[in-house]
Amino acid sequence: MKRGKMKIAVIGGGRIGQSVRMLLSRNGKQVFVWDMDLEKPHVHHSLSETVRGASVVFICVPSWGLRSALRSMKPFLAKGAVLAVFTKGIEKGTKKFAHEVIRDECPKNPVALIGGPFLAEELDRELYGVAVIGTPNRAVFLKVKKLFFGTPARFAHVSDIKSIALAGVLKNLYALGLGIADGLGWGANAKGWLAAQFIDEMSRTGALLGAKPQAMGAAAVSDLIASGFSPHSRNRRSGEEILKWDPKSIASESIASYPSAAALLGKRMKRLPYLAALSGIVLRRKDAHVVFKRFLEHAG
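Throughout what follows, the structure given in this document is the object of discussion. (Residues numbered from 1 in each chain as written. Predicted model: local features only at pLDDT ≥ 70, side-chain atom pairs only at ≥ 80, totals over all residues. Heavy atoms only, no water.)

**Observations regarding the overall build of the protein**
- Looking only at helices and strands, the protein has 13 helices and seven strands in total.
- Taking 300 residues into account, the globule formula puts the C-alpha radius of gyration at 19 Å, and the protein, at 19 Å, falls close to it.
- Viewed in the frame of its principal axes, the protein has a C-alpha envelope of about 65 × 35 × 35 Å.
- Taken over 300 residues, the protein has a buried fraction of 55%.
- Expressed as a percentage of contacts within the protein between residues at least 6 apart in sequence, the contacts between residues at least 24 apart total 69%.
- For the protein, the computed accessible surface area is about 13400 Å², with 55% contributed by carbon and sulfur atoms. (Helix = DSSP H or I, 4+ residues; strand = E, 2+ residues; numbered from the N terminus. Rg over C-alpha atoms; globule rule 2.2 N^0.38 Å. Buried < 20%, exposed > 50% of the residue type's maximum accessible area, 1.4 Å probe, protein only. Contact = heavy atoms within 4.5 Å. Areas by Shrake-Rupley, 256 points an atom, 1.4 Å probe, with all protein chains shown as cover.)

So, in structure tokens, the structure goes:
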């Protein structure tokens, strides 16, 4: 590592991981990237070389790979290193959110859970991204925020980390529905109406699961608007893909997290028309044309 440069580690060399690397490298930081796929760009070091000595470690892996990544990296993790986490999902089986998985595996490291609209493709084009960092420790928030001074990345602070975790999961589920609308060929009028219904239901879902309204607005609603209308959103694209093949073959947080989210809601899901209907589409392969037509039949 070059003397005088802060070392940053990025675990996960996908789109957001590469964007974080680019932004911080331009900002004079020494950034090491590690990914299981050694063919990905800028993956030049072993996991131990990547993590050892890093003051902040950005975790950019999906929920189904999070615990494994943490267990592999924690022997090299510096005491007090901040774990800045982009994972927006629920772990299958345990039904735990990303920050809860981290508390299991790395309980002594402070966590900054990152949510909100932060599309990698736009950051790469020097367009603004406005993220929300969930952490009860304001000093941790400021440490992460400071890394990005002078870049297009902007950050707001929310102390309730659970609300940011819920916001990320719910945003994905509702972005999936807006992608289904795209796949069905709905125009801007119908999709705009649907987005309004989703924002209302998503807010009620967050309240049922204990999320604070402020966090839902800052992280979930803003992210749904960005992701639900962006061609770059993986979860929105999953909605288009779900009309073409088996949902079980689609690797996205929305598909992976839906069964756990439904289990957490239990009988309360009867009060949530979209999430209840999504069960038929995702788990029983009901015809999305029929399901979504019913939404429009209740318009007005």
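**Here we look at the side chain of arginine 236**
- Following the sequence through the fold, arginine 236 ends up in helix H10 (residues 234-241).
- Excluding residues that lie within four positions of it along the chain, arginine 236 makes contacts with Ala175, Leu178, Gly179, Asp182, Lys191, Ser227, Gly228, Phe229, Ser230 and Pro231.

**Some thoughts on the pairing of strand E2 (residues 30-34)**
- Extensive coverage of E2 is indicated by the burial of five of its five residues.
- Alternating residues of E2 divide into Gln30, Phe32 and Trp34 and Val31 and Val33, and every residue in both groups is buried.
- Chirality of the crossover, the property in question, places the unit of strand E1 (residues 7-11), helix H1 (residues 15-26) and E2 among those that are right-handed. (Right-handed = clockwise from strand over helix to strand, strands pointing away.)

**Quick notes on the pattern of salt bridges**
- Counting across every chain of the model gives 17 salt bridges.
- A salt bridge links glutamate 121 to arginine 15, with the nearest nitrogen and oxygen atoms 3.4 Å apart. Of this pair, glutamate 121 sits in helix H5 (residues 120-124) while arginine 15 sits in helix H1, and the two are 106 residues apart along the sequence.
- On the basis of relative accessibility, which here comes to 39%, the residue arginine 15 falls in the partly exposed class. (Salt bridge = Lys/Arg side-chain N within 4 Å of Asp/Glu carboxyl O.)

**Overview of the state of the cysteines**
- The full count for this structure, using the stated rule, is zero disulfides.
- Free of any disulfide, cysteine 106 has its nearest cysteine sulfur in cysteine 60, 15 Å distant.
- A relative accessible area of 4% means that cysteine 106 is categorised as buried. (Disulfide = S-S within 2.5 Å.)

**What to know about the nonpolar core**
- Core analysis: the largest hydrophobic core is formed by 74 residues, its most contacted members being Met73, Leu275 and Phe292.
- Considering each element in turn, this core owes the most residues, 14 residues, to helix H7 (residues 161-183).
- Discounting chain neighbours no more than four positions away, the residues touching methionine 73 are Ile11, Leu47, Val51, Val57, Ile59 and Leu83. (Core = buried A, V, L, I, M, F, W, Y, C linked by side-chain atoms within 4.5 Å.)

**Comments concerning the pairing of strand E7 (residues 153-158)**
- Bridge analysis of strand E6 (residues 129-134) against E7 gives six bridges, and the strand direction is parallel. When the sheet's bridge partners are listed, valine 132 is paired in E7 with alanine 156.
- Between E6 and its parallel partner E7, the chain crosses via helix H6 (residues 138-147), and the hand of that crossover is right-handed. (Pairing = 2+ DSSP bridges.)

**Structural notes on the sheet that holds strand E3 (residues 56-59)**
- One open sheet accounts for seven strands, arranged E2-E1-E3-E4-E5-E6-E7; its pairing is mixed. The two strands at the open ends of the sheet, each matched to only one other strand, are E2 and E7. Sheet twist, expressed as the average angle between the axes of neighbouring strands with direction ignored, equals 25 degrees.
- Note: E1 against E3, four bridges, orientation parallel. Bridge pairing in E3 links isoleucine 11 to isoleucine 59.
- Across the face of the sheet, helix H4 (residues 98-105) comes into contact with strand E4 (82-85) and strand E5 (111-115) while running at roughly 160 degrees to E5.
- H6 contacts E1, E3, E4, E5, E6 and E7 of the sheet and is inclined by roughly 175 degrees relative to E7. (Axes fitted to C-alpha atoms, helices over the stretch in contact; angles between N-to-C directions.)

**Some words on the packing of helix H8 (residues 188-208) against helix H9 (residues 213-228)**
- Two elements in contact, H8 and H9, have axes separated by 11 Å at closest approach and are oriented at 150 degrees. With respect to H9, the axis of H8 lies roughly antiparallel. Crossing handedness for the pair H8 and H9: right-handed. Facing Lys191, Phe198, Ile199, Met202, Ser203 and Gly206 of H8, the residues of H9 in contact are Met216, Ala220, Val221, Leu224, Ile225 and Gly228. (Parallel < 35°, antiparallel > 145°, perpendicular 65-115°, else oblique. Left-handed = near helix turned anticlockwise from the far one by under 90°.)

**Focus on helix H11 (residues 253-265)**
- Taking 1.5 Å as the rise per residue, H11 with 13 residues should run 18 Å; its terminal C-alpha atoms sit 17 Å apart, in good agreement.
- Along H11, the helix axis deviates most sharply at proline 259, where the bend reaches about 35 degrees.
- Burial in H11 covers these residues: Glu253, Ser254, Ile255, Ser257, Tyr258, Ser260, Ala261, Ala262 and Leu265.
- Following H11 by one or two positions, glycine 266 adopts a phi angle in the positive range, close to 60 degrees. (Expected span 1.5 Å × (residues − 1). Bend = angle between axes of the 7 residues up to and from the residue.)

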